[in-house]
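Listed below, chain by chain, are the residues.
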Amino acid sequence: MYEIKSPNQIILGSKYTIFLGGSIEMGTAENWQTRLTKELAEYDVVLLNPRRDDWDSSWIQSIHNAQFKEQVTWELDAMDCADLIVFYFDPSTKSPITLMELGLFATLSNVIVCCPDGFWRKGNVEIVCERYDVPLCNTFDELVSMTKTFIKDQK
C-alpha cells in the first residue's frame with residue numbers, strides 16, 4: 001500500500017487507486033482515513049488521501065486563495081483518476097463538501113458509501129445511493145469489507 005496525501009503530486013501507475021473521500025472537518029471528524037489506511041496496509045493499492053497535514057483553517061475559501069484552490073483542485077483531480085471513490089460520512093459532522101462530491105460522482109460505477117446512523121442527512125444519502133445504484137453500508141467495518149471486496153474483484 002502506498003499513500004499520497006494532498007497536496008503531493010498524484011502519480012498514476014498500474015496500481016489500483018482509491019480516493020478517501022468523506023468527513024474531514026478538523027477537530028470534529030474522526031480520522032477515519034488513517035483507520036482505513038491501516039486496514040488496507042497489506043494490499044497493493046495507492047490511497048489518495050485529501051486529509052492535508054499542513055491544513056490551515058484560516059485560509060480564505062476562495063478561488064483567489066492559492067492554497068485553498070490547490071486543495072480543492074487536488075481533490076477533484078484525485079477523484080477523476082481514482083479506480084474507486086470511498087465516501088465516509090461521520091455522524092458528528094455536517095460534511096457539506098462530501099455531500100457535494102457524492103452528488104458529483106454518484107453516477108459513476110466506482111463509488112461506495114458509508115453513512116452511519118446519526119448522520120444529519122442520512123436520508124438524502126440513502127436516496128441518492130438507491131437512485132444511482134451506489135453500494136451503501138452503515139458501519140465502518142462494513143466499509144472496510146466492501147473496499148477489500150472491490151480491490152479483490154479487480155485482480
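That block above? That's the structure.
Residues numbered from 1 in each chain as written. Predicted model: local features only at pLDDT ≥ 70, side-chain atom pairs only at ≥ 80, totals over all residues. Heavy atoms only, no water.

Overview of the state of the cysteines
- Across all of its chains, the model carries 0 disulfides by this definition.
- Summary of cysteine pairing: C129 is not part of a disulfide, and the nearest cysteine sulfur, belonging to C115, is at 7.8 Å. (Disulfide = S-S within 2.5 Å.)

A few points about the packing of helix 2 (residues 66-81) against helix 3 (residues 96-105)
- Contact geometry for helix 2 and helix 3: axes closest at 12 Å, N-to-C directions at 35 degrees. As helix 2 packs across helix 3, the resulting crossing turns out to be right-handed. Counting all contacts with helix 2, which are made through E75, L76, M79 and D80, the residues of helix 3 involved are E101, L104 and F105.
- Considering only residue class, the contact of helix 2 with helix 3 consists of 4 nonpolar, no polar and 3 charged. (Axes fitted to C-alpha atoms, helices over the stretch in contact; angles between N-to-C directions. Helix = DSSP H or I, 4+ residues; strand = E, 2+ residues; numbered from the N terminus. Left-handed = near helix turned anticlockwise from the far one by under 90°. Contact = heavy atoms within 4.5 Å. Nonpolar A, V, L, I, M, F, W, Y, C, P; charged D, E, K, R; others polar.)

Overview of unusual backbone geometry
- Here S6 and P7 are connected by a cis peptide whose omega angle stands at 5 degrees.
- Position of P7 relative to the elements: it lies in the loop between strand 1 (2-5) and strand 2 (16-22).
- If you check the backbone angles, S95 has positive phi at about 50 degrees while not being a glycine.
- Here S95 shows up in the loop between strand 4 (84-88) and helix 3.
- A relative accessible area of 3% means that S95 is categorised as buried.
- Its identity is not glycine, yet D133 carries a phi of approximately 55 degrees, on the positive side.
- Within the secondary structure layout, D133 lies in the loop between helix 4 (122-131) and strand 6 (136-137). (Buried < 20%, exposed > 50% of the residue type's maximum accessible area, 1.4 Å probe, protein only.)

Considerations on the pattern of salt bridges
- On inspection of all chains with the given rule, the structure shows 7 salt bridges.
- Across the pair D44 and K15 runs a salt bridge, and its minimum N-O distance is 3.1 Å. With D44 in the loop between helix 1 (32-39) and strand 3 (45-49) and K15 in the loop between strand 1 and strand 2, the pair connects residues that are 29 residues apart, well separated along the chain.
- The salt bridge partner of E30 is R35, with a shortest N-O separation of 2.3 Å.
- Classification of E30 as partly exposed rests on a relative accessible area of 26%. (Salt bridge = Lys/Arg side-chain N within 4 Å of Asp/Glu carboxyl O.)

Nothing here speaks to function; it is geometry throughout.
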